[in-house]
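Below, each chain spelled out in residue letters.
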Amino acid sequence: MPEWLEHADLLEDLGELVDQVFFASLATEEGENLRFHVVVAGKKKLEEVTDTEWPDAIPEQEQELAWTVTRIEPHRVDPKALVKLAGATEFGRTALVLDQRNEDGQLWIFGVARRNPRTNGGRVLVVSTSAPGAVSVYFEGRRIMRYERGLLVPPVVDVFSEAGVVTRAIRSSIPEFLARMKNPIFSPHNVGERVFLRLVRGMRATGHGGSVLVLPAVPDGEAAPKPKYRLLRADVLAVQAQAYVDVHTERFKAQFGAEDPNEFPFERWKQQEDVAEANLEAAVDDIARLTAPDGALLMGPEFAVLGAGYMVTGTGTGKVLDIFEASDAEGKRVSEKPYALEQHGARHKAAATFVSQSGGFAFIASEDGPLKVLVRHEDRILLWRVELPEY
């Protein structure tokens, strides 16, 4: 049994399920190919699954549920049923719920579920088809396998959740913000990673390609960067991120200090948390749109947004460090030969020059290629391909 698959009783079902999803992906409904997800919870009911990234100090009953489920009368899983019911889902947002709680031990379709976007989906299996004949398997939000065009595609590093060079670069860019979070139990975790993940998602969603460059410090005077579209308030993200942290912190302080936990106003605090998160997400999405114009979105420490349309100087003569593609989060396993930067255009060279000269980091989105992140690490630049989960 693979280490990532905790439920041994699902192993046999998984092979059959991948086959079913594969053949369903080849079908068309009303002349269109289908893209859909199916989710299998295993031993727990999907309605009981919680986010696995919560601190251990938080009791399970207080952790956030990962899925909202609408149950239907069960239907046996087969390609025809998957094709017919896939239309009831929205790719990237909802999935068909599969379970094996009937006496025959076979998988059945029990409903439709929506993942809580604040969670990683919990310890469940998700099988996804994003194109005809392309099937991916996820567990706990991480891709375990992808089959496409007759080949198994190796999984890439999840640079936003696996501790390593990228997560340290993100956190080192917001030291004052993190210093104010004195008690990690009461504060939402991985705020920096979540902000940059949503920013990268938004950049990819524009469909234009783009880049986000993050300075480790902002020079003064003549050396100050001069983006074409400068923001009058650079703290637009920082303000919303702090408000998001503050409401979560105050909620847990109030909850743990309540004399009678049974009378704690969960719903009122939940509404405040939802509003704070929605405001932060809206701010990040708005900033992400600024990656569409020519040039880069330029950021500084503490989530500062300096402006858009930034052109990196020195791309013709500046020294660019060698780039090596990494296959693990810590950057210990890298390609033997330097990455061939010449296969890309001006955007990639500008990002590499920026990282070489500033010591910052950069995210790049090509119009038709994979996302990438560049981080200066010692005397070289490390590159990771970034894969965004499909669900």
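A.B. asks: Sorry if this is basic, but what is going on with the overall build of the chain here?
C.D. replies: From N to C terminus, the chain includes eight helices and 18 strands. When the 391 residues of the chain are sorted by exposure, 48% land in the buried category. A sequence separation of at least 24 residues applies to 65% of the contacts in the chain between residues at least 6 apart. Summed over all atoms, the accessible surface of the chain reaches about 19600 Å², with 51% contributed by carbon and sulfur.

A.B. asks: Explain helix 8 (residues 346–358) to me, please; I cannot follow it from the model alone.
C.D. replies: An α-helix turns once per 3.6 residues; consequently, residues spaced three or four apart project the same way. Given a rise of 1.5 Å per residue, 13 residues ought to cover 18 Å, and the 18 Å separating the end C-alpha atoms of helix 8 matches this to within 8%. Among the residues making up helix 8, those that are buried are His-348, Ala-350, Ala-351, Ala-352, Thr-353, Phe-354, Val-355 and Ser-356. Looking one or two residues past helix 8, Gly-359 carries a phi angle of roughly 80 degrees, positive in sign.

A.B. asks: Mind showing me how you'd approach the sheet that holds strand 8 (residues 134–139) here?
C.D. replies: Taking strand neighbours across the sheet as the criterion, the eight strands line up as 4-6-5-3-7-8-9-10 in an open arrangement whose pairing is mixed. Where the open sheet ends on each side, the last strands, each with one partner, are strand 4 (67–76) and strand 10 (151–153). Direction aside, the axes of adjacent strands within the sheet are offset by 25 degrees on average. Pairing between strand 3 (residues 36–40) and strand 7 (residues 125–131): five bridges, direction antiparallel. Bridging across to strand 7, Phe-36 finds its partner in Thr-129.

A.B. asks: Quick question: what am I supposed to make of the packing of aromatic side chains here?
C.D. replies: By convention here, two paired aromatic rings are described through the distance between centres and the angle between planes. Tallying each qualifying case throughout the model produces eight aromatic pairs. A centroid spacing of 5.2 Å and a plane angle of 80 degrees characterise the contact between Phe-177 and Phe-303, whose relative ring orientation is edge-to-face. Of this pair, Phe-177 sits in helix 4 (residues 175–179) while Phe-303 is found in the loop between strand 13 (296–299) and strand 14 (305–310), placing the two residues 126 residues apart along the sequence. For Phe-177, a relative accessible area of 2% puts it in the buried group. Classification of Phe-303 as buried rests on a relative accessible area of 1%. When the ring of Phe-361 is compared with that of Phe-363, the centres are 6.0 Å apart and the planes differ by 90 degrees; the resulting orientation is edge-to-face. A single burial state applies to Phe-361 and to Phe-363, both of which are buried. Through pairs of rings, three or more aromatic residues link up here, namely Phe-160, Phe-177, Phe-196, Phe-303, Phe-361 and Phe-363. Across the ring face of Phe-324, the terminal group of Arg-380 is positioned such that the distance to the ring centre comes to 5.5 Å.

A.B. asks: What exactly am I supposed to notice about the environment of Leu-85 here?
C.D. replies: Within the secondary structure layout, Leu-85 lies in helix 2 (residues 79–86). Here Leu-85 falls in the partly exposed class, since its relative accessible area comes to 22%. Considered as a pair, Leu-85 and His-75 are 10 residues apart in the sequence and their alpha carbons are 9.8 Å apart. Setting aside residues no more than four positions away along its own chain, Leu-85 makes contact with Ile-72, Leu-96 and Ile-109.

A.B. asks: What is the right way to look at unusual backbone geometry in this model?
C.D. replies: A negative phi holds for most residues other than glycine; trans holds for most peptide bonds. The phi torsion at Glu-302 lies on the positive side, around 60 degrees, for a residue other than glycine. What makes Glu-302 buried here is its relative accessible area of 18%.

A.B. asks: Help me out: how do you make sense of helix 2 in this one?
C.D. replies: Here helix 2 has its buried residues at Ala-81, Leu-82, Val-83 and Ala-86. One side-chain oxygen at the N-terminal end of helix 2 lies 3.0 Å from the backbone nitrogen of Lys-80; it belongs to Asp-78.

A.B. asks: I keep staring at the sheet that holds strand 13 and nothing clicks. Help me out?
C.D. replies: Spatial strand order, 12-14-13-11-16-17-18-15: eight strands in an open sheet with mixed pairing. Each edge of the open sheet is held by one strand with a lone partner, namely strand 12 (229–230) and strand 15 (323–325). Pairing between strand 16 (residues 361–365) and strand 17 (residues 371–377): four bridges, direction antiparallel. Residue Ile-364 lies in a different strand from strand 17, and its bridge partner there is Lys-372.

What counts and what doesn't
Throughout this description, residue numbers start from 1 for each chain and increase along the sequence as written. With the structure being a predicted model, the display of local features is reserved for residues of pLDDT at least 70 and the display and counting of side-chain atom pairs for 80 or more, all residues being used for whole-chain, interface and lining totals. The side-chain quantities take in all heavy atoms of the structure and omit both hydrogens and water. The helix and strand labels rest on DSSP assignments: H or I over at least four residues marks a helix, E over at least two residues marks a strand, and numbering proceeds from the N terminus. Categorising residues by exposure relies on relative accessible area from a 1.4 Å probe, with only protein chains included: less than 20% of the type maximum marks a residue as buried, more than 50% marks it as exposed, and the intermediate range marks it as partly exposed. In what follows, residue pairs with any heavy atoms lying within 4.5 Å of each other are defined as contacts. The method behind every accessible area is Shrake-Rupley, applied with a 1.4 Å probe, and residues are considered shielded solely by the protein chains displayed. One fewer than the residue count of a helix, multiplied by 1.5 Å, yields its expected span. Here the rule is simple: two strands pair whenever DSSP picks up at least two bridges between them. Throughout, an axis means a line fitted to C-alpha atoms (over the contacting stretch in the case of helices), and angles, computed between N-to-C directions, take values from 0 to 180 degrees. Planes of paired rings set the category: under 30 degrees apart is stacked, over 60 is edge-to-face and the rest tilted, where pairs are Phe, Tyr or Trp rings (Trp by its six-membered ring) whose centres lie within 6.5 Å. Working rule: Lys NZ or Arg CZ, within 6 Å of ring centre, within 35 degrees of ring normal, means a charge sits over the ring. The definition of a polar contact used here is a pair of N or O atoms within 3.5 Å, where within protein one atom must be able to donate a hydrogen and the other to accept one, and adjacent residues in sequence count solely through side-chain atom pairs.

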